[in-house]
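# Topology and contacts: notes
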Amino acid sequence: GRTRRTRREVREARENTKDVANAKEVTTASGLRYTDLRVGGGEMPRNGYLLAANIAATIDGTGDVVLDTRKTNRQVIFTFGKPQGPFTAGVMEAVGGMRQGGRRIVVVPAALGFGDEGARLQDGTVPAGATVRYDVELTRVSVPPS
């Protein structure tokens, strides 16, 4: 497997990352909404890839913070394609269209999020039926070791 990045790949990822002016919100067929703040120039996630991200999650409507990795300066590391913790089906769908270096605001309706169960996250509780707004910055996309 190819796990080491060449300097050229790292440089291209950085150079191809662009801030988005006049960002427009996109609504997917599933009802997920997202707005790109920055389009990444790096690798796209594939199932099984290891990803690292800065994530802030707030309850849509109240603004209550339920997760903020920037506060603790500890990024979340997760396996793409395996919903777990704050990574609901909606978050996976949104991250799947990103590239390393990208930043996206994602609005996840309860049906693609924590549903009628709600959830306890690092910095707060997601109420049952809540829509959650995520600010996701994808900092790393790594091919898993083979």
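Up top is the structure these notes are about.
Residues numbered from 1 in each chain as written. Predicted model: local features only at pLDDT ≥ 70, side-chain atom pairs only at ≥ 80, totals over all residues. Heavy atoms only, no water.

## So, the overall build of the protein chain
Rules: Helix and strand assignments follow DSSP, with helices taken as H or I runs no shorter than four residues and strands as E runs no shorter than two, numbered in order from the N terminus. Note that the radius of gyration is over C-alpha atoms, with the globule rule given as 2.2 Å times the number of residues to the power 0.38.
Across its full length, the protein chain carries three helices and ten strands. For the protein chain, the N- to C-terminal ordering of α and β elements is α-β-β-β-β-β-α-β-α-β-β-β-β. Here the protein chain has a C-alpha radius of gyration of 15 Å; the compact-globule value for 146 residues is 15 Å, and the two agree. Expressed as lengths along the three principal axes of its C-alpha atoms, the size of the protein chain is roughly 45 × 35 × 30 Å.

## With respect to the nonpolar core
Looking at soluble globular proteins, one finds that nonpolar side chains tend to be buried together. Put simply, the rule is: We define the nonpolar core as a collection of buried residues of types Ala, Val, Leu, Ile, Met, Phe, Trp, Tyr and Cys that are connected through side-chain atoms lying within 4.5 Å of one another. Relative accessibility decides the category of a residue: with a 1.4 Å probe and only protein chains considered, values under 20% of the type maximum give buried, values over 50% give exposed, and everything between is partly exposed.
Among the nonpolar cores identified, the biggest contains 32 residues, and Leu51, Phe78, Val95, Val106, Val126, Tyr134 and Val136 are the most heavily contacted of them. Of all the secondary-structure elements, those providing two or more residues to this core are strand 4 (50-59), strand 5 (65-68), strand 6 (76-79), helix 3 (89-96), strand 7 (103-108), strand 8 (119-121) and strand 10 (132-142).

## A short note on the pattern of salt bridges
For clarity, the cut-off: When a carboxyl oxygen of Asp or Glu lies within 4 Å of a side-chain nitrogen of Lys or Arg, that pair is called a salt bridge.
Taken as a whole and assessed by the stated rule, the structure comprises eight salt bridges. The network of salt bridges with shared partners includes Arg38, Arg70, Arg103, Asp135 and Glu137.

## Observations regarding the packing of aromatic side chains
How we decide: Aromatic pairs are defined between Phe, Tyr and Trp rings, using the six-membered ring for Trp, whenever the two ring centres lie within 6.5 Å; interplanar angles under 30 degrees are classed as stacked, those over 60 as edge-to-face, and all others as tilted.
Using the criterion set out here, one finds one aromatic pair in the structure. Here the aromatic rings of Phe78 and Phe87 are separated by 3.7 Å at their centres, their planes lie at 15°, and the arrangement is stacked.

## What about helix 3?
Filter applied, for reference: Contacts are assigned to residue pairs that have any heavy atoms within 4.5 Å of one another.
Among all positions in helix 3, only Gly90, Val91, Met92, Ala94 and Val95 are buried. Close packing links the buried residues of helix 3 with strand 4, strand 6, strand 7 and strand 10.

## Comments concerning unusual backbone geometry
The backbone of Asn22 shows a phi angle near 50°, a positive value even though the residue is not glycine. Here Asn22 falls in the exposed class, since its relative accessible area comes to 69%. Although it is not a glycine, Asn73 sits at a positive phi angle of roughly 60°. As for its placement among the helices and strands, Asn73 is situated in the loop between helix 2 (69-72) and strand 6. Overall, Asn73 belongs to the exposed group, its relative accessible area being 69%.

## Notes on the pairing of strand 7
What counts here: Between any two strands, pairing holds if DSSP finds at least two bridges.
Burial runs high along strand 7: five of the six residues are buried. By the bridge criterion, five bridges tie strand 3 (residues 33-39) to strand 7 in an arrangement that is antiparallel. Each residue of the ladder has a partner; that of Arg38, found in strand 7, is Arg103. Where strand 7 meets strand 10, six bridges bridge the pair, whose relative direction is antiparallel. Following the sheet pairing, Val108 is matched in strand 10 by Val132.

Functional significance is not addressed by these values, which are geometric in nature.
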